[in-house]
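In case you want the letters, here they are:
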Amino acid sequence: MELKVLKRSTFPIRSEEDIVKARQIVRNWANEVGFKLVDQTKLVTATSELARNTFVHGGGGEMMLEQVEDGTRSGLRITFQDHGPGIPDVTRALQDGYSTAGGLGLGLGGAKRLVHEFSIQSEVGKGTVVIIVKWV
Amino acid sequence: MEKAKTLYALLSGHQNEILRQWQKEQLAPGVLRSDLISPDELKQQMEDFLRYLVEAVKKDETEDMSSLEAWKEVRSFLTEISKTQAKKGFLPSETSMFIFSLKKPIFQLLQSYDTEDLEKFASDLWKVNTLLDQLGLLTMESYLKSKEEIIRRQQEEMLELSTPVVKIWEQVVAVPLIGTLDSARTQMVMENLLQEIVRVSATIAIIDITGVPTVDTLVAQHLFKTVSAARLMGAECVISGIRPQIAQTMVHLGVSFQDITTKATLAEAIKYAFSRVGYRISKGESTK
Ligand SMILES: Nc1ncnc2c1ncn2[C@@H]1O[C@H](COP(=O)(O)OP(=O)(O)O)[C@@H](O)[C@H]1O
Ligand SMILES: [Mg+2]
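1. Description of the overall build of chain B
Counting its regular elements, chain B contains 12 helices and five strands. Residue pairs in contact within chain B that sit at least 24 positions apart in sequence constitute 73% of those at least 6 positions apart. About 16,000 Å² of surface is accessible on chain B, with carbon and sulfur atoms providing 54% of the total.

Structural data, given as C-alpha cells:
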C-alpha cells in the first residue's frame, strides 16, 4: 500500500528542553490523529527514548514528525536523525540491558516494542537514523 | 549667535539648562512612575547621569582616550539604573525613555547654534543621536539581563517548591511528583527526600507519581536510584500513582518494579505505610 504524507514538521533535538518539547508535540499530534490514551502514552514514551538517544548518544540532531495514511489506516511516522558517532553493533544495542553510558539499556528495544514499525540505520562515524511508525 | 565649538563645550556650557528640560520631560505627570520612584531620587539620578555623560564626552573628544575607557562610567551607571528599574517593575519602554527623553533637550540646544555651520550641526546631531541610541540599547540589554536573572531565580525557587517532602506521620514521609522529571528536578527531589528521611528518622517513604505525564527509562532509573539510596538510609520506598497507561507502557519498555512496593493510589500507599509502622486506620464516629 502506498504511504501518503498529510502533514510534516521538523524539530531540533539539541537540549533536554527539546526532548520535553518533542514529547509535547508528539502527544498533541497523536491526540489529533485519534490515538487512545494508552497508545498516546506508548508513542510519547518511545519518542522520549529515541529523542534522548539522539541528544545523549548522537550528540544532537533532529526529529521529523509526519502524519501518514496507507489507505485504510492513519498514523504517525517519526524519524530521529543525528550525525553522531553511530552504533558499531546495532543488534547488540537493541538487546535489553545493553548500555554504553550507564543507562538502563532499555531505550532502543523498549521503543521498538512500543510501536508497530521500527527501523534503524547506523554507520560508525556518520550517524544514526531511527524511524518508527504507530498506527491508530 | 555662538560659533560652533566642541560638543563638550556646548553640553557643559548648558548642562543646567539640559538637566532642567530633561527633568521636565521625565517628571511630567503620566511619565513619572511615582509609585516606583520618588521625584527627588529620579532627579538625583538624572543629575548624576548627565554629569557622567558630559565628563565622558570631554574625555572622548579632548583627551583622546579610547572610547571604551571614556564611556566606562556612563555605561556602568546606566547598567545599574536599568537593572534597578527592572527589579522595581518599570516597563521596558519606561526604562529606555530615561535615555531617549534626553534627545529633545540636546537637539534643541544643537539647533540654537550657528546655523551657518550646517556641516558641524549635522555631524554633531548625528553623533549625539548615535550615542543616545547606543545608550538606549544598553539600558534594554541591562534591563533584560536583570529580568532573566529574576526569572531564573524564580524557576529555581519553583523547583524547590514543586518538590515538597511532607511528613505524614511519625516515620512516614511522602513526596508527590508533578510535571516533567528532568534530571535537575529529579536530582533535587532525591536530595530533598533523603534529607527528610534522615531528619525525621523515617522508615517509610512514599513517592507518588500520579502527576508525572511520562515515565521513560531515565525517569525509572532515577526512581530506582532513589529507592536504593533510601534503603541505605534505612527507609523502605513505596511508589504510588502508577496510572494504567503508564503501567502498560512500562511493561513494553521492559522496566519492572519487581522488588519495589507499588500501590495504585496515594491513599493505599498511606494505609500500607501505617500498617508497616504499626498504626491502623479505623473508622470512628463522624464528627460532622
Ligand atoms: N543515536 C545514537 N547514536 C549513537 N549510539 C546510540 C544511539 N542510540 C543508541 N545508541 C547506543 O545504543 C545503546 C543502547 O541504547 P538504549 O537502549 O537507548 O540504552 P541507554 O540509552 O540507556 O544506554 C546506547 O548505550 C548507545 O551506546
Ligand atoms: Mg536510551
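2. Some thoughts on the pattern of salt bridges
Once their charged atoms are close, side chains differing in charge can pair, the charge on each being opposite to the other. According to the stated counting rule, one finds 22 salt bridges over all chains in the structure shown. Note that D216 of chain B is salt-bridged to R23 of chain A, the shortest N-O span being 3.9 Å. Separated into two different chains, D216 of chain B in the loop between β3 (204–211) and α10 (217–232) and R23 of chain A in helix α1 (residues 16–33) make up a pair that spans both. Using a relative accessible area of 10% as the deciding quantity, one classes R23 of chain A as buried. For K134 of chain A, the salt bridge goes to D39 of chain A, with nearest N and O atoms at 3.9 Å. Placement of K134 of chain A in strand β5 (residues 127–135) and of D39 of chain A in helix α2 (residues 37–56) is noted, with a sequence separation of 95 residues between them. For K134 of chain A, a relative accessible area of 4% puts it in the buried group. Shared partners join several salt bridges into a network, and the residues in it are E16, R23 and R52 of chain A together with D216 of chain B.

3. Considerations on the packing of α1 of chain A against α2 of chain A
Residues and elements named next belong to chain A. The N-to-C vectors of α1 and α2 enclose an angle of 150 degrees; their axes lie 9 Å apart at closest approach. Regarding the angle of α1 to α2, the classification is roughly antiparallel. The two elements α1 and α2 cross, and the hand of that crossing is right-handed. Note on element contacts: α2 touches α1 through Q40, T41, L43, V44, T47, S48, A51, R52 and F55, opposite E16, I19, A22, R23, V26, R27, A30 and N31. Among the residues making up the contact of α1 with α2, the classes are represented as eight nonpolar, five polar and four charged.

4. A few points about unusual backbone geometry
All names here are of chain B. Notably, Q171 is not glycine yet its phi reads approximately 70 degrees, a positive angle. Take Q171: it is sitting in the loop between β1 (166–169) and β2 (172–178). Judged by its relative accessible area of 29%, Q171 falls in the partly exposed class.

5. Describing the confidence of the model for chain B
Residues and elements named next belong to chain B. Mean pLDDT for chain B: 88, with 94% of residues reaching 70 or above. Element-level pLDDT for chain B is lowest in helix α4 (residues 67–70), with a mean of 80, against a maximum mean of 96 in strand β4 (residues 236–240). Scoring the predicted complex yields pTM 0.69 and, for the interface, ipTM 0.95.

6. A closer look at the interface of chain A and chain B
On the chain B side, the residues contacting the 22 residues of chain A number 20 residues. Approximately 1,700 Å² of surface area, both sides summed, lies buried where chain A meets chain B, with 59% of it carried by carbon and sulfur atoms. Taken together, the connections running from chain A to chain B amount to two salt bridges. R52 of chain A is the partner of D216 of chain B in a salt bridge, and the nearest nitrogen-oxygen pair spans 2.9 Å. Our count for the chain A to chain B interface comes out at six residue pairs in polar contact (both at pLDDT 80 or more). Listed by contribution, the elements that provide at least two residues to the side of chain A that touches chain B are α1, α2 and α4 (107–114) of chain A. Broken down by element, the residue count for the side of chain A that touches chain B peaks at nine residues, all from α2 of chain A. When its residues are assigned to classes, the side of chain A that touches chain B shows eight nonpolar, seven polar and seven charged.

What counts and what doesn't
- Throughout, a residue's number is its position along its own chain's written sequence, starting from 1.
- Whichever chain is written first is A, and whichever ligand is written first is 1; the rest continue in order.
- Two thresholds apply to this predicted model, a pLDDT of at least 70 for residue-level local features and 80 or more for giving and counting side-chain atom pairs, whereas whole-chain, interface and lining totals are computed over all residues.
- Note that water and hydrogens are dropped before the side-chain values are worked out from all heavy atoms of the structure.
- Secondary structure elements are taken from DSSP: a helix is a run of H or I of four residues or more, a strand is a run of E of two residues or more, and numbering for both begins at the N terminus.
- Residue contacts are counted whenever heavy atoms from the two residues lie within 4.5 Å of one another.
- All accessibility values rest on the Shrake-Rupley procedure with a 1.4 Å probe; residue burial counts only the protein chains present in the view.
- We define a salt bridge as a side-chain nitrogen of Lys or Arg found within 4 Å of a carboxyl oxygen belonging to Asp or Glu.
- Burial here depends on accessible area, computed with a 1.4 Å probe over protein chains only, as a share of the maximum for the residue type. Under 20% is buried, over 50% is exposed, and the range in between is partly exposed.
- Lines fitted to C-alpha atoms define the axes, with helix axes restricted to the stretch in contact, and inter-axis angles between N-to-C directions lie between 0 and 180 degrees.
- Angular relationships are summarised with four words: roughly parallel below 35 degrees, roughly antiparallel beyond 145, roughly perpendicular across 65 to 115, and oblique for the angles in between.
- Helix crossings are classified by the rotation of the near helix relative to the far one: an anticlockwise turn of less than a right angle makes the crossing left-handed, while a clockwise turn makes it right-handed.
- Three residue categories are used. Nonpolar comprises Ala, Val, Leu, Ile, Met, Phe, Trp, Tyr, Cys and Pro, charged comprises Asp, Glu, Lys and Arg, and polar comprises the others, including Gly.
- Values of pLDDT, which run from 0 to 100, indicate the predictor's confidence residue by residue.
- Throughout, the accessible surface (probe 1.4 Å) given up by two parts as they are put together, summed over both, is called the buried area.
- Here a polar contact is taken to be a pair of N or O atoms separated by no more than 3.5 Å, where protein atoms must pair a possible hydrogen donor with a possible acceptor and residues adjacent in sequence count only if both atoms sit in side chains.

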